[in-house]
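# Remarks on the overall topology
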Amino acid sequence: MSSIELGRAPTPGEVGPALIVENLVVRYGATVAVDGLSMTAETSQVTALLGPNGAGKTTTVEVVCGLRPATSGRVRLLGAEPGSRQVAERIGVMLQQGGLYPTARPLEWLTYLARLYPSHAEPSALLELVGIDPSTRTTTRRLSGGEQQRVKLAAALLPNPEFLILDEPTAGLDPLARRNLLEAIGARRDSGTSILLTTHQLSDVETLADRVIVIAGGRIVADGTVSELTGADDAMSFGSRPGLDLTDLAAALPASYRVREVRAGSYVVHGPPTPQIMAAITAWCAQKGLMATDLAVGQRTLEQIVIDAGLEQP
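Residues numbered from 1 in each chain as written. Predicted model: local features only at pLDDT ≥ 70, side-chain atom pairs only at ≥ 80, totals over all residues. Heavy atoms only, no water.

### Here's the deal with the overall build of the chain
Looking only at helices and strands, one finds 11 helices and 13 strands in the chain. The globule rule puts the C-alpha radius of gyration for 314 residues at 20 Å, and the 22 Å found for the chain is close to it. Along the first, second and third principal axes, the C-alpha set of the chain runs to 70 × 45 × 40 Å. By element, 50% of the accessible surface of the chain is carried by carbon and sulfur atoms, the whole surface being about 14,600 Å². Averaged over its 27 positive side-chain charges, the chain has a centre that lies 6 Å from the centre of its 33 negative ones. (Helix = DSSP H or I, 4+ residues; strand = E, 2+ residues; numbered from the N terminus. Rg over C-alpha atoms; globule rule 2.2 N^0.38 Å. Areas by Shrake-Rupley, 256 points an atom, 1.4 Å probe, with all protein chains shown as cover. Lys, Arg positive; Asp, Glu negative; His and termini not counted. Charge placed at Lys NZ, Arg CZ, Asp CG, Glu CD.)

And the structure:
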């Protein structure tokens, strides 16, 4: 369990995930939205939670930030229970829907929210950071969709959070505003903030994410860095039966090569592609009586991985 003390940001070198989720189950009547999900989000990293619509991403996020109870399982955020006072004052949350008072001007709204925290950032400075004029007299309901997104991010940053939860943060933004927002999020990560990101903008994930978790049907189907999941340029991928014992294949490859199952039935061999390595992979599959499907050199895209997850979703 995390050794990070409550009430302060982690110092460099401390060990322990910012978020620990163990065997999380959430049911809506007979429907299982999250089915035994276990994951961690490391301190001072961006963890991207991806998946098709209905995969369980939003439900998981709602449990993590204390908006929804779990049916069973255990969640620890910054060493405490989600929704507790110790956590509420130390996290920032930007949900895709809601989070604005429609008749308030941006500075009025952030100034009000700031009073709810024992310490907070300067509202005017945050609005300037996200590209909103603090002196604007336009109410939030009359802002464009992209401008509303920026105000919501500023609100999430008010408590100088140790853990930041972002749900589709760049939705509706023009290219310049999107780039500026991604830079602001990256700067927060670099300054020590731990970030949980959900988005359908996969280029955002490629830009920001230190780790990617793909879920479908409420379960994790892939977990790793972007390069591990897609296969770096020096990599080969193939498909076969899920859960193969890869010990013999690893032994048949040169010592510098590494083979892993990146999601159910999808395998990546990391190392320079050569005809000999490709032959070793197919020969190993033949010895096991397996058909190596989708044998490819180079990268698979995150989009392909998420689409495949959707096809496999119950």
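The rest of the description comes next.
### Comments concerning the pattern of salt bridges
With the rule as written, the count across this model stands at 12 salt bridges. Here R76 ties to E81 by a salt bridge, and the two come within 3.1 Å at their closest N and O atoms. Owing to a relative accessible area of 18%, R76 belongs among the buried residues under this scheme. Look at E81 and you get partly exposed, because its relative accessible area is 44%. Within the structure, one salt-bridge network assembled from shared partners comprises R189, D190 and D210. (Salt bridge = Lys/Arg side-chain N within 4 Å of Asp/Glu carboxyl O. Buried < 20%, exposed > 50% of the residue type's maximum accessible area, 1.4 Å probe, protein only.)

### Let's talk about the sheet that holds strand β2 (residues 31–41)
The 3 strands lie next to each other as β2-β1-β4, forming an open sheet whose pairing is antiparallel. Whereas interior strands pair on both sides, the edge strands pair on one side only; in this sheet they are β2 and β4 (72–77). Across the sheet, the axes of successive neighbouring strands diverge by a mean angle of 25°, strand direction being ignored. Bridge count between strand β1 (residues 19–28) and β4: 5 bridges; the pairing is antiparallel. Within β4, the position partnered with L19 by the bridge is L77. Where helix α1 (residues 57–64) meets the sheet, it contacts β1, β2 and β4, and its direction lies at approximately 120° from that of β1. (Pairing = 2+ DSSP bridges. Axes fitted to C-alpha atoms, helices over the stretch in contact; angles between N-to-C directions. Contact = heavy atoms within 4.5 Å.)

### Quick look at the side chain of Q149
Looking at where Q149 falls in the secondary structure, it is placed in helix α5 (residues 145–157). Overall, Q149 belongs to the buried group, its relative accessible area being 7%. Look past the residues within four positions of Q149 in its chain and what remains in contact with it is M94, Q96, E168, P169, T170, A171 and L173.

### A short note on the nonpolar core
Among the nonpolar cores identified, the biggest contains 30 residues, and L110, L126, L153 and L166 are the most heavily contacted of them. Of all the secondary-structure elements, those providing two or more residues to this core are α3 (106–114), α4 (123–129), α5, β6 (163–167), α6 (175–190) and β7 (194–198). Here the element with the most residues in this core is α5; it accounts for 6 residues. Sequence-distant contacts of L126, that is, excluding residues within four places in its chain, are made with L110, A121, A154, L157, L158 and R188. Core analysis: the next-biggest nonpolar cluster, separate from the first, contains 27 residues, V21, A41, C65 and I91 among them. (Core = buried A, V, L, I, M, F, W, Y, C linked by side-chain atoms within 4.5 Å.)

### Structural notes on the confidence of the model for the chain
Residues with a pLDDT of 70 or more make up 91% of the chain, whose mean pLDDT is 87. Counting interchain partners and residues more than four positions distant, the pLDDT-below-50 stretch residues 1–14 has 23 contacts. (pLDDT = per-residue confidence, 0-100.)

### Observations concerning the packing of α3 against α5
Put simply, α3 and α5 touch, their axes get as near as 10 Å, and they point 20° apart. Classified by the angle between their axes, α3 and α5 sit roughly parallel to one another. Of the two possible hands of crossing, α3 and α5 adopt the one that is right-handed. Where α3 approaches α5, its residues P106, L110 and L113 are matched on the opposing element by V151, A154 and A155. In terms of residue class, the contact of α3 with α5 is built from 6 nonpolar, no polar and no charged. (Parallel < 35°, antiparallel > 145°, perpendicular 65-115°, else oblique. Left-handed = near helix turned anticlockwise from the far one by under 90°. Nonpolar A, V, L, I, M, F, W, Y, C, P; charged D, E, K, R; others polar.)

### A word on the pairing of β2
When a strand is regular, its side chains alternate between the sheet's two faces. For β1 and β2, the ladder comprises 8 bridges, and the chain directions are antiparallel. Paired with I20 across the bridge in β2 is T40. The antiparallel pairing of β1 with β2 creates a hairpin that spans 2 residues between the two strands, and G29 there sits at a positive phi of about 65°.

### Here's the deal with α1
In terms of burial, α1 is a largely internal element, 7 of the 8 residues being buried. Listed as buried for α1 are K57, T59, T60, V61, E62, V63 and V64. The first or second residue beyond α1 is G66, which carries a positive phi of 85°.

### Here we look at α5
Its 13 residues give α5 an end-to-end C-alpha distance of 19 Å, which sits within 8% of 18 Å, the value for a rise of 1.5 Å per residue. Buried residues dominate α5, accounting for 10 of its 13 residues. Next to the buried residues of α5 lie β5 (91–94), α3, α4, β6 and α6. (Expected span 1.5 Å × (residues − 1).)

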